[in-house]
Amino acid sequence: MRKAMLLALASLFGAPSAVQAAAVKLTLAVVSLAEDPRYAPRRLERAYPGHPQGRAVQGVRLALEDAAFELDAAGIELVLREVVLPDAAALPKALADLKAAKVQHLVADLPLAELNQLVQSAPAALGGAMVFNTGLDDDSLRAQGCAAHLLHTLPSRHMASDALAQYLAARNWRKVLLLQGPEPGDRLMGESFTRAARRYGLKTVQSKPFKLTGDPRERDLANTRLLTGEREHEVVAVMDADGEFARALPYATQWPRPVVGASGLVASAWHAQWERNGGPQLSRRFQKLAQRPMRSHDWSAWVAGRAVAAVLVDDPKAPLAQQLKKLRGGSVFIDGFKGPRLSFRAWDGQLRQPVFLSHIDGVAGVAPLDGVLHPRDVLDTLGVDEAETACRQRP
Amino acid sequence: MTRPLRLLTLATLLGCATLAMAQGKVYVSSEKDNKLYVFDAKGERLAAIDVCKRPRHMMFNASRSQLYVCCGDSNQLGVVDTASGKMTGTVPLGDSPEIFDLSPDGKTVYVSIEDENVMAAYDLASKKPVFEVKTGGEPEGVLVTPDGKFAYVTSEVANVVHVIDLGQKKVIKNIKVGKRPRRFVLAAGGAELWVSNELDATVSVVDTRDHSVKGTVKFAVKGLREADITPVGMALSPDGKTLWVGLGKANHVAEVDVATRAVGRQVLVGKRAWGLTVHPDGQTLYVTNGLSDDMTLVDTVGAKAVKTVAVGRVPHSVIVAP
């Protein structure tokens, strides 16, 4: 009798393997550019905060390894395909190859122009597509440049600025000396910081332009002590999208004032020393796979892979259009190892998430800060909320 | 004015009375102090025991002469002699062990090895690994069935409960539960496996006969959003009728009626309430609060926090010997 029952049990347990045998095979493609200047060896050596330290494919690979069991249980095999474009002109051919392989899920590890090209051409070329931006923080991509099938996992620049402003407000470090760089990226950063400062009641007591120069006639633009000589400010916020100038600023100011923004205390999606919510395990797995510490861009690539897995597991039979609706509808949740479960914003496809305020050595704080309130989801205090969005594209 | 005051005094007195009667020793593992802190049942600190690095989950052997503690940073199982209050030996484990369970005969320990994604079995006498079974990412909760034939293991990353046949040494079924499943309690006389889902604000109830999810208990705390409710630790009352669930970030513990699965009273405790145990007399629930570095003693009859005591940095688990 007992034996018979065990046998019956065994056959019950045997059932899932039959499901596994009929696994649906899907492919997630990571599209990148061979000569992407962000990944030039000398550039990577600089390792400025907020810049990637390697390609997105490593984070995505880890995500698929992490999700393999869950996918397997749902009868899905999700494989990774790395597409490295020799140049932007190779995109149509690459998309044709992906179409032949029935690929519809894409991670775009591309500079802005190439990413836009991919976003525009992918749906028609692939018969529907879901594209993840894991590397660009441009708010324009989440506003007028948004698309119904485009999702963003890296925090937007506005999210980063809001996180920083929340932290400064919570500390009551409200008097800011703004050092503004001349490049277009610096200007976007400065505008974003100014927006956040207004939202959280910070006061820019002085704004000064800086310039990387050794010219003695321009030393008031380049000398860190001259730039920071006024006493009135409590923090120095440096708007340097590149990072070279900002690197020279901490501990080099005239007065003992913390540096924030592009160096010193920076807003980030991930930090390898984040020690809560299973952070050390994730960082360790990434270190093992990539042989380098996990940084923000790696986390955002990883979480994009997790998002694809999550929506597939949620309903393995849902067609792509419905998957997009589920993700952008906020009904599919992802564990990001940052505390709360994460979901995408319906209005612009941005992943809502806590943002770390980190320095080289660790995480000083997490935004949203305690005490910041929002009528629906406190994570939506970071970045562009529904009422403010300029994005009109929804699936 | 006097009436509420008098009631309050009465409650305090009652609370103290129940505590005063309680006997036994309470052990709390402190992840960052590398110590176990020992308290009496009333929460008075008696001693501290130096153990291996980053002690987390603990269990007694059958006679309670020994206490086993899993050390996540030094990759060891510490063996503590409860009479002398000293760590007397260690068993080497895999990389980043977290939760474990013992075989019914007490000879084998089954450990989730977080960084290797395996559940590994070790022979306690020879201190040697016996076998391991591959799991999904970040295995955590481990529970061996009372007959010693199967083990349940949660995978935090894969969001499943693995059913492992310990004879065949392989996963025979994956049960899809909620997001980030963490710990287990075997309830309803072994007919139900309760699984806490940290990121769903739920506990899944699994039928242990066919391994189907037959129910889900959802938690709600007044004034808090769902995302702030992160259930992890659970403890069953000695009569098996009530399950206490630690709601983590919500800083509360909640009472669940096992038979009806109805959520009952909630008690405010400390920050990130994750480690729970009920005294064998059923009167006191001990809750370790990981982010406020303290332990709250809850009177289970009145559902009231009686007192909170400091326990060292990042308390993980708590167990009681009567």
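Residues numbered from 1 in each chain as written. Chains lettered and ligands numbered in written order. Predicted model: local features only at pLDDT ≥ 70, side-chain atom pairs only at ≥ 80, totals over all residues.

### A word on the overall build of chain A
Then, number 1: The number of helices and strands found in chain A is 13 helices and 15 strands.
Then, number 2: Here the C-alpha radius of gyration of chain A, 23 Å, is about what a compact globule of 395 residues would show, namely 21 Å.
Then, number 3: Taking the principal axes of the C-alpha coordinates as reference, chain A spans close to 90 × 50 × 40 Å.
Then, number 4: By the burial criterion, 48% of the 395 residues in chain A qualify as buried.
Then, number 5: Residue pairs at least 24 apart in sequence account for 70% of intrachain contacts in chain A once pairs closer than 6 positions are excluded. (Helix = DSSP H or I, 4+ residues; strand = E, 2+ residues; numbered from the N terminus. Rg over C-alpha atoms; globule rule 2.2 N^0.38 Å. Buried ≥ 20, exposed ≤ 12 C-beta atoms within 10 Å, placed from the backbone. Contact = placed C-beta atoms within 7 Å.)

### What to know about the overall build of chain B
Then, number 1: From N to C terminus, chain B includes 1 helix and 28 strands.
Then, number 2: Rg of the C-alpha trace for chain B: 19 Å, near the compact-globule value of 20 Å for 322 residues, within the 12% margin.
Then, number 3: In terms of overall dimensions, chain B has C-alpha extents of about 65 × 45 × 30 Å along its principal axes.
Then, number 4: Within chain B, buried positions represent 54% of all 322 residues.
Then, number 5: Counted over contacts in chain B with a minimum sequence separation of 6, partners at least 24 positions apart contribute 42%.

### A look at the interface of chain B and chain A
Then, number 1: If you look at the interface, chain B gives 20 residues, while chain A gives 15 residues.
Then, number 2: With 4 residues, the single largest contributor to the side of chain B that touches chain A is strand β15 (residues 170–176) of chain B.
Then, number 3: Class assignment for the residues of the side of chain B that touches chain A results in 6 nonpolar, 5 polar and 9 charged. (Nonpolar A, V, L, I, M, F, W, Y, C, P; charged D, E, K, R; others polar.)

### Some thoughts on the sheet that holds strand β28 (residues 315–321) of chain B
All names here are of chain B.
Then, number 1: Across the sheet, 4 strands lie side by side as β3-β2-β1-β28; this open sheet has antiparallel pairing. Strands with a single pairing partner mark the edges of an open sheet, and in this sheet they are β3 (45–50) and β28. Between one strand and the next, the sheet's axes are offset by a mean angle of 20°, whatever the strand orientation.
Then, number 2: Relative to β28, strand β1 (residues 25–30) runs antiparallel, the two being bridged by 5 bridges. (Pairing = 2+ DSSP bridges. Axes fitted to C-alpha atoms, helices over the stretch in contact; angles between N-to-C directions.)

### Here we look at the environment of Val311(B)
Residues and elements named next belong to chain B.
Then, number 1: For Val311, the position within the fold is in the loop between β27 (304–310) and β28.
Then, number 2: On the basis of neighbour count, Val311 is assigned to the buried category, with 28 C-beta atoms found within 10 Å.
Then, number 3: Sequence spacing of Val311 and Asp294 is 17 residues, and the spatial spacing of their C-alpha atoms is 4.9 Å.
Then, number 4: Sequence-distant contacts of Val311, that is, excluding residues within four places in its chain, are made with Val28, Ser30, Tyr37, Thr288, Asp293, Asp294 and Met295.

### Examining the domain arrangement of chain A
All names here are of chain A.
Then, number 1: The domains assigned to chain A are domain 1 (22–155 + 271–369) and domain 2 (158–268).
Then, number 2: In this structure, domain 1 and domain 2 have C-alpha centres spaced 30 Å apart.
Then, number 3: Every contact between the two is made by 20 residues of domain 1 and, on the other side, 20 residues of domain 2.
Then, number 4: Broken down by secondary-structure element, the contributors of at least two residues to the side of domain 1 that touches domain 2 are β14 (355–359) and β15 (362–367).
Then, number 5: Of the residues contributing to the side of domain 1 that touches domain 2, the split by class is 10 nonpolar, 7 polar and 3 charged. (Domains from an automatic or database assignment.)

### Structural notes on the nonpolar core
Then, number 1: With 207 residues, the main nonpolar core has Val111(B), Ala151(B) and Val253(B) as its most contacted residues.
Then, number 2: With 12 residues, helix α12 (residues 296–314) of chain A is the largest single contributor of residues to this core.
Then, number 3: There are two domains that each give this core at least three residues, and those are domain 1 (22–155 + 271–369) and domain 2 (158–268) of chain A.
Then, number 4: Sequence-distant contacts of Ala151(B), that is, excluding residues within four places in its chain, are made with Asp101(B), Tyr110(B), Met119(B), Val142(B), Leu143(B), Val144(B), Ile164(B) and Leu166(B). (Core = buried A, V, L, I, M, F, W, Y, C linked by C-beta atoms within 7 Å.)

### Here we look at helix α7 (residues 184–200) of chain A
All names here are of chain A.
Then, number 1: Here α7 spans 25 Å end to end across 17 residues, near enough to the 24 Å set by a 1.5 Å rise per residue.
Then, number 2: Looking only at α7, the buried set comprises Asp186, Met189, Gly190, Ser192, Phe193, Thr194, Ala196, Ala197 and Tyr200.
Then, number 3: Looking at the packing, one finds that the buried side of α7 touches α6 (157–171), β6 (175–180), β7 (203–209), β8 (235–239) and β9 (259–261). (Expected span 1.5 Å × (residues − 1).)

### Looking at the confidence of the model for chain B
Then, number 1: Per-residue confidence for chain B averages 93 on the pLDDT scale, and 93% of its residues sit at or above 70.
Then, number 2: With pTM at 0.84, the complex prediction returns an ipTM value of 0.70. (pLDDT = per-residue confidence, 0-100.)

### With respect to the confidence of the model for chain A
Low pLDDT means the predicted atomic positions in that stretch should not be read closely.
Then, number 1: The share of residues in chain A with pLDDT of 70 or more is 94%, and the mean pLDDT across the chain is 93.
Then, number 2: With pLDDT under 50 throughout, residues 1–21 of chain A is counted as low confidence; its partners more than four residues away or in other chains account for 8 contacts.

### Overview of the sheet that holds strand β6 (residues 76–81) of chain B
Hydrogen bonding along the main chain pairs the strands of a sheet, whether they run parallel or antiparallel.
Residues and elements named next belong to chain B.
Then, number 1: One open sheet accounts for 4 strands, arranged β4-β5-β6-β7; its pairing is antiparallel. Each edge of the open sheet is held by one strand with a lone partner, namely β4 (55–60) and β7 (86–92). Recorded for the sheet is a direction-independent mean angle of 25° between the axes of neighbouring strands.
Then, number 2: By the bridge criterion, 6 bridges tie β6 to β7 in an arrangement that is antiparallel. Bridge pairing in β7 places Asp81 opposite Lys86.

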